[in-house]
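Take a look at the letters that make up each chain.
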Amino acid sequence: MGKAKRTKFKVSHSKSYQKPGKVVPKPATSSGKSVKHKKPSKSAPPPAPTVPFSPTDHVLLVGEGDFSFSRSLVEAHGCSSLIATSFDMQSALRGKYPQVASHIRVLEEDGCQVLYGVDATKLGKPGTSDGGGKEVKRGWFDKVVFNFPHVGGLTKDVNRQARHNQGLLVGFFKSALPLMVAEGSIIVTLFEGEPYDLWNIRDLARHVGLKVERSFKFQASAYPGYKHVRTLGNIEGGGGWKGEDRPARTYIFKVNEKEAQPTPESKKKRGNSDSEDD
């Protein structure tokens, strides 16, 4: 018999073969690029909310609902020199907001004054209180505050409703000006978005001699115990309307000295143009 021939098998080494000691490459994605594993970055803590009040301020609050904001200023921020006012009479308030009695009691026990029937556009006139009513002091307040001004649902027409609220704001600005000290400020908080953007609060203020010193996001959490209430009163059963969760912005206005007391020369230079907000 003849000798059988031996078949030689050639061993081929694949490209993935690695010699000992060689680093295995990082796994690749479908696109062929190496996957990089990023270390989780530490997120910066959110900035502290802005609270434009100090314990030494003389504060006038206008258009309060259930007085929970006033109470928070006293208890959480030490603003004991405070007058809180409401457009409604006391009997109407108790009907709309059952919780109002406890808030008023805390304010009065702390020596704060609570006034009822006070029109935000006629602040120089006396309101009523259990103590017989006193006129709001002129030239005394460091801060005059109107949170979420609104005339209520006077009409379903958006443009007409905006004009009614613009009239409220202009009347409030003019009424508040004589009540402030020289370096005092007017503080207004509004919801963001439509229809509130239609009110053009910056322009309204500029036309009565005010300028925006600054504005910032309103954070209800900065005022422990505060709850936003509707003008019409509490929702029966405590339903799911929570205004404190909606985006809102606070504006701080100062007297624009250039607009308040223009000189003849500044009139010529400025002409008919409006100054820009700071």
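Okay, so let's go over this structure. (Residues numbered from 1 in each chain as written. Predicted model: local features only at pLDDT ≥ 70, side-chain atom pairs only at ≥ 80, totals over all residues. Heavy atoms only, no water.)

**Considering the pairing of strand S4 (residues 141–147)**
Here is step 1: Along S4, six of the seven residues are buried, which leaves the element largely enclosed by surrounding structure.
Here is step 2: In this sheet, S4 lies alongside strand S1 (residues 59–62) in parallel orientation, the contact comprising four bridges. Bridging from a neighbouring strand, valine 59 pairs with lysine 143 of S4.
Here is step 3: Handedness of the crossover joining S4 and strand S5 (residues 180–191) through helix H4 (residues 158–176) is recorded here as right-handed. (Buried < 20%, exposed > 50% of the residue type's maximum accessible area, 1.4 Å probe, protein only. Helix = DSSP H or I, 4+ residues; strand = E, 2+ residues; numbered from the N terminus. Pairing = 2+ DSSP bridges. Right-handed = clockwise from strand over helix to strand, strands pointing away.)

**A look at empty space enclosed by the protein**
Here is step 1: Considering all chains together, one arrives at one cavity of 30 Å³ or more under this definition.
Here is step 2: Its boundaries defined by the atoms lining it, the largest cavity holds a volume of some 50 Å³.
Here is step 3: Lining the largest cavity, in full, are Thr50, Pro52, Phe53, Phe69, Val145, Asn147, Ile187, Thr189, Phe216, Phe218, Tyr223 and Thr250.
Here is step 4: Elements supplying a minimum of two residues to the lining of the largest cavity: S4 and S5. (1 Å grid on protein atoms, 1.4 Å probe; cavity = no way out; pocket = protein on both sides within 12 Å on 5 of 7 lines; lining within 4 Å. Points joined across faces, edges and corners; volume = space filled by probe spheres on them.)

**What to know about the pattern of salt bridges**
Here is step 1: Using the criterion set out here, one finds five salt bridges in the structure.
Here is step 2: Here aspartate 57 and lysine 143 are joined by a salt bridge, their closest N and O atoms 2.8 Å apart. Note that aspartate 57 is positioned in the segment before S1 and lysine 143 in strand S4, a separation of 86 residues in sequence. Of the two residues, aspartate 57 and lysine 143, both sit in the buried class.
Here is step 3: In this structure, the salt-bridge partner of glutamate 192 is arginine 249, at a minimum N-O distance of 3.8 Å. Linking glutamate 192 in the loop between S5 and helix H5 (201–207) with arginine 249 in strand S7 (residues 248–255), this pair joins segments that are 57 residues apart in sequence. (Salt bridge = Lys/Arg side-chain N within 4 Å of Asp/Glu carboxyl O.)

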